[in-house]
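Listed here are the chains, written in short residue letters.
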Amino acid sequence: MKRFVLSLAAVVLGVVTLSAQSITQEDKDRAKALVEKMTLEEKIDYIGGLNKFYIRGVERLGIPEIRMADGPQGVRNDTKSTLFACGVAAAATWNETAMKEMGTALGQDARARGVHIMLGPGVNIYRSPLCGRNFEYMGEDPYLASRAAVNYIKGIQAEGVMATIKHFAMNNQEYDRHHVSSDVDERTMNEIYFPSFRAAVEEAKVGAVMTSYNQVNGIHAAENPYLIRENLKGKWGFQGFVMSDWTSTYSTLGCIRGGLDLEMPMAYCMDRASVMALLENGVVEESEIDEKVQNILQALIAFGFLDRPQLDKNISEDNQYSNDIAYKLSCESAVLLKNEGVLPLKGATKKNQIVLMGPNADVIPCGGGSGRVDAIHTTSLAEGMKTLGKKYPTVLVDNYKSSVSAIEKAAAVIVSVGYDKTSERENSDRTFTLPEGQDEMIEFAAAHNKNVIVVIYAGGAVDMSRWQDKVAAIVMGWYPGQQGGLAIANILAGKVNPSGKLPMSFEKTLEDNPTYNSYYPAEPRSKRGFTYKFVTYTEGIFVGYRGYERKGIEPAYPFGYGLSYTTFEYAASNCIKSGDGYDVVFTVTNTGKRDGAEVSEIYVGEKNPCVARPAKELKGFAKTVIPAGKSAKVRVHLPKSAFEYYDVKSHEWVLNPGYFTVYIGSSSADIRLTEEVLM
Ligand code: BGC
């Protein structure tokens, strides 16, 4: 009963705070009145952060200090908290409800700690497996990343916590990130790199946007008027505030004119002396500073931060709801890549136990940098296996080379490999090959036992070429969060039927990746009197599966792929005119013996495009739980926008009227049904 009352209260509260997310004229007027009361010095100070993670308060005007915390997979900074599955894992669930619940739980964890602003989600598109922050982001597809971002933000913000979408924009690599310019053409920006930011602004009403470290076409993102003024605040109508990434500002005038509102973690460029000098010389006007203070205050007011305490003492720091959602996300995000009959585990005996080995067997790894979270408690895979009881006796070996007889006798060998906070992290890129010694370990196990199961913890694809054919099963666990070991143990034992699918393509070799020749910077060049390093995104819109399909390169595992312990059949598709687009309707039948959930993916391809377009692009999906032997009718709406492309002449999304193919599939490479529609 208590639980029911609490959730009812949460729903009611949710409605109240949700309506406060849009910035109203009243919020603007109230902010304006405050700006008018502030002295010039107070206003300049206000647009520079304080103590690494705060916006300063102005006590005499009743403006409280505002606390921020990273980040995408848990509340960081001076606290332990729930460690959720990482961003890319949330995308791998392909479950919009789960993505929103992650936001809700993060919002509750933030309220339990008095945090006003969460520095997430991160939505930079996955171009290559090398980017050290892929684990924080949401994969290679702009539609999937948009859905993940929108739901996650709605979840957080309904709890009365502001979300920050980051890093705007095109921070798709980590090496030398302060100095490299991402040189990208207009159509590619709009079709691939902007959609998740735009959806966050237009649909989820995100309160804050964080710029990136890199330059975009030669101008640093924090000072880039094309990004901030023309697109974000202009075309998309963003009314919240734009903050810099931590130490990503480079000039006072650039920050003022480019449209940045708040410099973090403190004023390096928009400091009192530098801003005063520009004001005194008449280069800058006071109204330009007022505009920034106004943007910050109107967002804080809209979120109620001036009117109520942020700390919610009714929520425990070790929140049961968050722990439950962390577990759900790990279960739904794991992707079964390969299974030659060894899974679910058949059980073992004391004589022929299950052997568990590898650097990630008895820890829960998490990516490093600002995305790292100190969990309150974790369940490693070793601990998860113990919860399975007597049927699955499991022995943890170190020193695997001296445990040969145990490996040879084992009913199955689980090798838990991957990266961790030191090898996959912000501020550096990672290798495509697994960290040293891990390939050898898997090969060793496979040479001595035919039932080897590899569990990988990583933010994206890894090189499997040395052992992919030699092992019996591969499970992609991402960074699965604090309950990850329990979830993966339950998947291995068949208590949970895997239902995650890849949010990126896994290439066979790095050379196959469409960005292989355009990932590292070319020779520095000069433009507008500056010499700068740059990466030209020569693959254009053909990122990920769009690129593999264009070049006819078969990946190791395609975008949208993931196995289940059951099988699904598709039938009876139809496209019915609905609104300005179509409803795609079809039936999915669970033809196996286990209950399961199937992600159905809807792609659209134009028959006679007037510009180069990908063969097909993801424009809708649905995850449906279907009991064994039962069927479900699935309906996915495709609005007109699902058929459009970005036209560089009009600078708008446009429809080229004509025929389109709608592909209904279980992955990008496993299309089960097609329909033709006229738009
Ligand atoms: C990261 C941001 C993060 C900030 C604060 C920066 O290094 O790029 O994503 O929010 O630090 O920790």
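Rules behind the numbers
- Residues numbered from 1 in each chain as written.
- Predicted model: local features only at pLDDT ≥ 70, side-chain atom pairs only at ≥ 80, totals over all residues.
- Heavy atoms only, no water.
- Helix = DSSP H or I, 4+ residues; strand = E, 2+ residues; numbered from the N terminus.
- Contact = heavy atoms within 4.5 Å.
- Polar contact = N/O pair within 3.5 Å; in protein donor to acceptor, adjacent residues only side chain to side chain.
- 1 Å grid on protein atoms, 1.4 Å probe; cavity = no way out; pocket = protein on both sides within 12 Å on 5 of 7 lines; lining within 4 Å.
- Points joined across faces, edges and corners; volume = space filled by probe spheres on them.
- Nonpolar A, V, L, I, M, F, W, Y, C, P; charged D, E, K, R; others polar.
- Domains from an automatic or database assignment.
- Salt bridge = Lys/Arg side-chain N within 4 Å of Asp/Glu carboxyl O.
- Buried < 20%, exposed > 50% of the residue type's maximum accessible area, 1.4 Å probe, protein only.
- Pairing = 2+ DSSP bridges.
- Axes fitted to C-alpha atoms, helices over the stretch in contact; angles between N-to-C directions.
- Phe/Tyr/Trp six-rings, centres within 6.5 Å; stacked < 30°, edge-to-face > 60°.
- Lys NZ or Arg CZ within 6 Å of the ring centre and 35° of its normal.
- Near = heavy atom within 4 Å.
- Areas by Shrake-Rupley, 256 points an atom, 1.4 Å probe, with all protein chains shown as cover.
- Parallel < 35°, antiparallel > 145°, perpendicular 65-115°, else oblique.
- Left-handed = near helix turned anticlockwise from the far one by under 90°.

Caption draft 1: Quick peek at the environment of D312. Position of D312 among the secondary structure elements: in the loop between α12 (286–302) and α13 (320–333). Sequence-wise, D312 and D78 are 234 residues apart; in three dimensions their C-alpha atoms are separated by 18 Å. Non-local contacts of D312, meaning those with residues more than four positions away in its chain, are made with R111 and A112. A distance of 2.9 Å separates the side chain of D312 from the backbone nitrogen of N314, its partner in a polar contact.

Caption draft 2: How the structure looks around the layout of surface pockets. As a volume, the second largest pocket reaches approximately 580 Å³. Looking at the lining of the second largest pocket, the elements with two or more residues in it are α6 (142–158), α7 (186–193), α8 (195–202) and β21 (617–626). Looking at the lining of the second largest pocket, its residues break down into 9 nonpolar, 3 polar and 10 charged.

Caption draft 3: Just the domain arrangement of the chain, in detail. For the chain, the assigned domains read domain 1 (320–492) and domain 2 (566–678). Once you take the C-alpha centre of each, domain 1 and domain 2 turn out to be 34 Å apart.

Caption draft 4: Main features of the pattern of salt bridges. Scanning the entire structure with this criterion turns up 41 salt bridges. Two residues, R546 and E617, come together in a salt bridge whose shortest N-O distance is 3.0 Å. With R546 in helix α18 (residues 545–551) and E617 in strand β21, the pair connects residues that are 71 residues apart, well separated along the chain. The exposure class assigned to R546 is buried, which follows from its relative accessible area of 3%. Close ionic contact of R635 with D583 constitutes a salt bridge, the shortest N to O distance being 2.8 Å. Taken together, the residues span a long stretch of sequence, with R635 in strand β22 (residues 631–638) and D583 in strand β19 (residues 581–590) at a distance of 52 residues. The class of R635 is exposed, set by a relative accessible area of 52%.

Caption draft 5: Main features of the sheet that holds β21. In spatial order, the strands read β21-β20-β25-β26; together these 4 strands make up an open sheet with antiparallel pairing. Sheet topology places β21 and β26 (670–678) at the edges, where each strand pairs with a single neighbour. Taking each pair of neighbouring strands and ignoring which way they run, the sheet shows an average axis angle of 20°. Of the pairings in the sheet, the one linking strand β20 (residues 596–606) to β21 comprises 9 bridges and is antiparallel in character. Within β21, the position partnered with V604 by the bridge is E617.

Caption draft 6: Up close: the packing of aromatic side chains. The full count for this structure, using the stated rule, is 23 aromatic pairs. Between the aromatic rings of Y519 and Y520, the centroid separation amounts to 5.1 Å while the plane-to-plane angle is 85°, which identifies the pairing as edge-to-face. The class for Y519 is buried, based on a relative accessible area of 2%. Seen from their ring centres, F643 and F660 are 5.0 Å apart, and the 75° between their planes marks the pair as edge-to-face. On the criterion of sequence distance, the pair formed by F643 in the loop between β22 and β23 (645–647) and F660 in strand β25 (residues 659–667) is long-range, its members being 17 residues apart. Taking relative accessible area as the criterion, F643 reaches 0% and is therefore assigned buried. Relative accessible area serves as the criterion here: at 0%, F660 is assigned to the buried category. Between the NZ or CZ atom of K577 and the centre of the ring of Y582, over which it lies, the distance is 4.6 Å. Geometry around Y603 places K616 over its ring, the cationic atom sitting 5.5 Å from the centre.

Caption draft 7: Representation of the site of the ligand. Contacts to the ligand come from 14 residues, most closely from D70, R133, H167, D245 and E426. Interatomic distance of 2.4 Å between a side-chain N/O atom of D70 and an oxygen atom of the ligand. H167 is positioned such that a nitrogen or oxygen atom in its side chain is 2.7 Å from an oxygen atom of the ligand. Coverage of the ligand by the protein chains reaches 94% of its 310 Å² of free accessible surface. Of the residues assigned to the shell around the ligand, the class counts are 5 nonpolar, 2 polar and 7 charged.

Caption draft 8: Layout of the pairing of strand β10 (residues 335–339). Of all 5 residues that make up β10, 4 are buried, and the element is covered over most of its length. Of the strand pairs in this sheet, β10 and strand β15 (residues 473–476) are connected by 4 bridges, and their pairing is antiparallel. Bridge assignment links N339 to a residue of β15, and that residue is A473.

Caption draft 9: Geometry of the packing of helix α2 (residues 25–37) against α12. The N-to-C vectors of α2 and α12 enclose an angle of 130°; their axes lie 8 Å apart at closest approach. In terms of axis orientation, α2 runs oblique to α12. Seen along the crossing, α2 lies across α12 with a hand that is right-handed. Across the interface between the two elements, D27, K28, R30, A31, K32, L34 and V35 from α2 touch D290, V293, Q294, L297, Q298, I301 and A302 from α12. Grouping the amino acids of the contact of α2 with α12 by side-chain chemistry returns 7 nonpolar, 2 polar and 5 charged.

Caption draft 10: Expanded view of the packing of α7 against α8. In the contact formed by α7 and α8, the axes pass within 6 Å of each other and the chain directions differ by 60°. For the element pair α7 / α8, the angle class is oblique. Every residue of α8 that contacts α7 at M189, N190, E191, I192 and Y193 is listed here: P195, S196 and F197. A per-class count over the contact of α7 with α8 returns 5 nonpolar, 2 polar and 1 charged.

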